[in-house]
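Read off the chains here:
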Amino acid sequence: MFWIREAQVNNIYFKTTIISLLIIVSQAIAVDNCIECHNQIHEQIISDCKEDAHSRARVFCAGCHGGNSALADEEAMNPKYGFVGAPKPKDIPRFCARCHSDAGYMRNFNPALPVDQLEKYWTSRHGELFKKGDYKVAVCNSCHKAHGVFPSGDTRSSAHPKKVPSTCAKCHSDPALMQTYGIPTHQYTQYIDSSNVHGYALFVKNDITAPVCNDCHGNHGAAPPGVSQVGQVCSHCHMLNAKLFRASPHKDGFDALGTMECAFCHQASPDVNAPLARIHTIVKPMAKLAGTVQPAVCVQCHSQGDAGWQMAGKVSAGSDSLAGKFAAAEALIKRAEKRGLEVSDARWQLNGDIHRAMLELRTAIHSFDLEAWQQHFDYADSLVNAVNAQGLHATQELSSRYKYFLIMTLIIALLIVLLILKIHQVENDRKAALTNKQGGIRR
Amino acid sequence: MPIEHTPNYSVSRRRFLDLLLGGTGLAALIGLFYPIFRYLTPPEQEEAVVSSVNLGPAKDFPLNSGKIFRFGNKPGIIIRGSDGKFRAYNATCTHLDCIVQYDAKVEGVWCACHNGRYDINGRNISGPPPRPLTPYAVKIQPGAEEILIASQDGAQG
Ligand code: FES
């Protein structure tokens with residue numbers, strides 16, 4: 001009996017396999033009539049969509065535009081089949097949201113995909129204006145494109161980190177468009193300026209985690225951070241600096257002045273009379289930023305004699321002296337290493353503890369508390385001094401080798417000269433003795 | 001009267017001998033001074049290659065803690081999870097080379113420079129770090145129960 005059961009099971013497997021194959025084959029040869037007819041007139045659109053996120057999820061033309069793709073004539077575009085054609089800008093947010101705000105539907109494709117884009121959009125500057133009837137503002141396809149939509153991690157996506165700046169710049173660098181809103185248009189040029197650390201990291205160092213427009217302004221809920229929120233935004237990466245800043249007396253002062261917290265000091269050429277002028281070019285932090293002479297930023301608000309001025313002077317002098325000592329210690333250790341001396345402990349200190357202590361010192365400035373800064377300074381200074389001493393000790397050993405070598409060379413040279421003289425003397429004596437002897441015989 | 005050519009054999013032989021003597025003397029001098037010269041200008045030292053390091057008894061590492069150690073000239077971090085398991089990594093952040101630290105509150109690795117985070121397995125999970133931390137192999141020496149760290153490929157990690 002067993003063999004009969006086995007044959008039945010095999011039969012079921014056989015049938016299932018055939019049916020599955022038929023389904024796959026029929027899907028493969030199923031013709032999308034939208035593509036068949038629009039191939040010529042919308043060639044670019046069709047090629048853009050070929051591998052995009054929608055196609056991969058098997059959402060083809062009719063998935064968004066409606067209609068019946070099984071029909072091969074104009075009847076396919078009969079509204080009775082839900083045909084909507086190309087949506088007008090005023091309809092786009094709700095058009096995309098039909099699927100993208102439907103958690104149940106989106107779960108079929110990617111359960112982790114957020115479905116709150118529309119909700120956020122209404123809170124954005126774009127959404128606010130849109131609600132008021134301004135349809136020139138950005139909608140979904142302004143940033144994601146209508147056709148050829150890729151996930152933001154895909155380099156082909158217009159929302160990929162490396163493309164975001166130029167995507168936003170399409171509108172935000174357009175003076176005619178931005179004039180309507182009274183918004184400046186220099187953000188993009190400032191961002192791509194090679195002195196902007198973030199742009200440099202993104203474009204030159206290919207660091208796609210470097211912040212782009214949406215990291216500070218938000219994406220679907222895009223709006224400029226308020227004057228008092230900048231520190232919060234920067235704190236996502238520069239956590240310790242922002243924490244110290246927000247607890248410092250500067251926090252309230254900056255907010256009152258409308259100086260955009262972190263961005264004010266760290267922009268290129270800060271100017272208190274135009275505090276927002278270059279906030280999209282955030283320059284590499286340098287010691288000279290704190291001090292009492294230009295280009296130090298402190299002088300923008302502090303004047304000679306006040307507490308801030310005094311602290312700036314001390315920080316600047318301390319930083320300069322420490323930087324000098326550090327450079328000297330590093331050069332010393334490098335020289336010692338080059339000459340084969342054992343200074344691995346010092347090297348370890350330089351790369352490890354001192355590197356960290358210097359970073360902490362730089363961070364401590366943001367507390368604007370001289371005492372706290374001084375503690376960090378003393379610690380870093382003592383470490384650098386210790387390494388300097390190690391380097392000096394090692395190089396002193398080397399210079400005693402040189403001295404010893406010089407003395408020995410002189411002694412050997414002297415010895416050689418004396419030997420030569422001695423040989424000459426012996427030779428002369430021998431010759432003289434021989435001459436005397438011959439003279440005696442002749443006589 | 002034809003000029004008589006009488007080759008001066010004795011002079012050329014002496015000259016040849018002098019040359020030979022001088023050359024040999026010079027070679028001897030070079031041979032003497034070369035080692036001294038090398039002693040004074042040693043070749044640039046390669047970073048000492050360290051392929052393993054002993055961190056001492058396992059019992060010295062509390063549960064849910066991390067510690068920075070020296071692995072050649074590079075910083076390493078050893079973590080003992082609350083599961084008692086040891087894990088070790090090169091402690092250089094894969095973003096901009098700061099030294100990472102263990103964050104016991106979240107049982108993960110944290111980089112203070114730009115708030116980068118790695119999980120306990122060294123995988124970059126948030127913030128700027130683009131790659132996981134480079135792992136080291138951890139062995140517990142049988143008998144002595146001492147922690148031995150070795151780079152995975154035997155070279156300095
Ligand atoms: S250096 Fe570690 S997060 Fe930037």
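Bear in mind the structure is a predicted one, so any value in this text is a computation, not a measurement. (Residues numbered from 1 in each chain as written. Chains lettered and ligands numbered in written order. Predicted model: local features only at pLDDT ≥ 70, side-chain atom pairs only at ≥ 80, totals over all residues. Heavy atoms only, no water.)

1. Description of the interface of chain B and chain A
Taken together, the contacts link 25 residues of chain B with 28 residues of chain A. Taken together, the two surfaces of chain B and chain A that pack against each other cover about 2300 Å², and 63% of this comes from carbon and sulfur. The interface formed by chain B and chain A includes one salt bridge. The closest approach of N and O atoms between R70(B) and D345(A), which form a salt bridge, is 2.5 Å. The tally of links from chain B across to chain A stands at six residue pairs in polar contact (both at pLDDT 80 or more). The element contributing the most residues to the side of chain B that touches chain A is helix α1 (residues 9-40) of chain B, with four residues. When its residues are assigned to classes, the side of chain B that touches chain A shows 15 nonpolar, six polar and four charged. (Contact = heavy atoms within 4.5 Å. Buried area = accessible area lost by both parts, 1.4 Å probe. Salt bridge = Lys/Arg side-chain N within 4 Å of Asp/Glu carboxyl O. Polar contact = N/O pair within 3.5 Å; in protein donor to acceptor, adjacent residues only side chain to side chain. Helix = DSSP H or I, 4+ residues; strand = E, 2+ residues; numbered from the N terminus. Nonpolar A, V, L, I, M, F, W, Y, C, P; charged D, E, K, R; others polar.)

2. Considering the environment of A210(A)
Residues and elements named next belong to chain A. With respect to the helices and strands, A210 occurs in the loop between α14 (197-204) and α15 (213-217). Considering only alpha carbons, one finds A210 and G199, eleven residues apart in sequence, at a separation of 7.5 Å. In this view, A210 contacts H198, A201, L202 and D215; residues no more than four positions away in its chain are not counted.

3. Description of the state of the cysteines
All chains considered together, the criterion is met by one disulfide over all chains. Sulfur-sulfur distance for the disulfide between C98(B) and C113(B) comes to 2.0 Å. Across the S-S bond of C98(B) and C113(B) the torsion is about -85°, and the bridge reads as left-handed. Of this pair, C98(B) sits in the loop between β4 (86-90) and β5 (101-103) while C113(B) sits in the loop between β6 (108-111) and β7 (116-118), and the two are 15 residues apart along the sequence. In this structure C96(A) is a free cysteine whose sulfur lies 3.9 Å from that of C140(A), the closest cysteine sulfur available. (Disulfide = S-S within 2.5 Å.)

4. Some words on the packing of aromatic side chains
Under the counting rule described, the total for this entry stands at 14 aromatic pairs over all chains. Note on F245(A) and F254(A): the rings are 5.4 Å apart at their centroids and 70° apart in plane angle, and the pair reads as edge-to-face. On the basis of relative accessibility, which here comes to 5%, the residue F245(A) falls in the buried class. Under the relative-accessibility criterion, F254(A) is labelled buried at 9%. Ring plane angle 25° and centroid distance 4.5 Å describe the contact between F71(B) and Y136(B), whose orientation is recorded as stacked. Here F71(B), found in strand β2 (residues 65-71), pairs with Y136(B), found in strand β9 (residues 135-141); they are 65 residues apart in sequence, far enough to count as distant. Take F71(B) and Y136(B): they sit in the same class, and that class is buried. Ring pairing ties together the aromatic residues Y121(A), W122(A), F130(A) and Y135(A), which thus form one cluster. (Phe/Tyr/Trp six-rings, centres within 6.5 Å; stacked < 30°, edge-to-face > 60°. Buried < 20%, exposed > 50% of the residue type's maximum accessible area, 1.4 Å probe, protein only.)

5. Things to note about helix α21 (residues 344-364) of chain A
In this model, α21(A) (21 residues) spans 29 Å end to end at C-alpha, consistent with the 30 Å of a helix rising 1.5 Å per residue. Those residues of α21(A) that fall on the buried side of the exposure criterion are A346(A), R347(A), W348(A), Q349(A), L350(A), G352(A), I354(A), A357(A), L361(A), T363(A) and A364(A). (Expected span 1.5 Å × (residues − 1).)

6. Some words on a positive patch on the surface
All names here are of chain A. Residues K334, R335, K338 and R339 make up a contiguous surface patch of positive charge. Looking at the secondary structure, you find R335 in helix α20 (residues 307-338). Relative accessible area serves as the criterion here: at 39%, R335 is assigned to the partly exposed category. (Patch = residues over 30% accessible without salt bridge, like charges linked within 9 Å, V, L, I, M, F, W, Y side chains within 5 Å. Areas by Shrake-Rupley, 256 points an atom, 1.4 Å probe, with all protein chains shown as cover. Lys, Arg positive; Asp, Glu negative; His and termini not counted. Charge placed at Lys NZ, Arg CZ, Asp CG, Glu CD.)

7. Comments concerning the pattern of salt bridges
The tally for this structure, following the rule as stated, stands at 20 salt bridges over all chains. Note that D381(A) is salt-bridged to K325(A), the shortest N-O span being 2.9 Å. Placement of D381(A) in helix α22 (residues 370-442) and of K325(A) in helix α20 is noted, with a sequence separation of 56 residues between them. Notably, a salt bridge pairs D119(B) with R123(B), separated by 2.9 Å at the nearest N-O pair. Three or more residues joined by partner-sharing salt bridges are found here, namely E51(A), R56(A), D154(A) and R156(A).

8. Regarding a nonpolar patch on the surface
Residues and elements named next belong to chain A. Together, I192, Y200, F203 and V204 line one region of the surface with nonpolar side chains, adding up to about 340 Å² of accessible area. It is α14 that contributes the most residues to the nonpolar patch, three residues altogether. Owing to a relative accessible area of 32%, F203 belongs among the partly exposed residues under this scheme.

9. Topic: the domain arrangement of chain B
For chain B, the assigned domains are domain 1 (12-45) and domain 2 (52-151). A separation of 55 Å is found between the C-alpha centroids of domain 1 of chain B and domain 2 of chain B. (Domains from an automatic or database assignment.)

10. Remarks on the environment of K131(A)
Residues and elements named next belong to chain A. Relative to the elements of secondary structure, K131 occurs in helix α9 (residues 125-131). The exposure class assigned to K131 is exposed, which follows from its relative accessible area of 57%. K131 sits 278 residues away from T409 along the chain, and the two C-alpha atoms are 92 Å apart.

11. A look at the pairing of β4(B)
Residue and element names in this part refer to chain B. Buried residues dominate β4, accounting for five of its five residues. The alternating pattern of β4 places F86, A88 and N90 on one face and R87 and Y89 on the opposite face, and all of these are buried. Alignment of strand β3 (residues 74-80) against β4, held across five bridges, turns out to be antiparallel. Within the sheet, the bridge partner assigned to I78 lies in β4 and is A88. (Pairing = 2+ DSSP bridges.)

12. Considerations on the confidence of the model for chain B
Mean pLDDT over chain B stands at 84; residues scoring 70 or higher make up 82%. Here the prediction assigns the complex a pTM of 0.78, and the interface score ipTM is 0.74. (pLDDT = per-residue confidence, 0-100.)

13. Points about the packing of α20(A) against α21(A)
Residues and elements named next belong to chain A. Closest axis-to-axis distance for the α20/α21 pair is 11 Å, and the angle between their directions is 165°. Overall, the two elements α20 and α21 adopt an arrangement that is roughly antiparallel. Considering only the axes of α20 and α21, their crossing is left-handed. Residues L322, F326, E330, I333, K334 and E337 of α20 lie in contact with α21, whose contacting residues are A346, R347, L350, I354, M358 and L361. Partitioned by chemical class, the residues of the contact of α20 with α21 number eight nonpolar, no polar and four charged. (Axes fitted to C-alpha atoms, helices over the stretch in contact; angles between N-to-C directions. Parallel < 35°, antiparallel > 145°, perpendicular 65-115°, else oblique. Left-handed = near helix turned anticlockwise from the far one by under 90°.)

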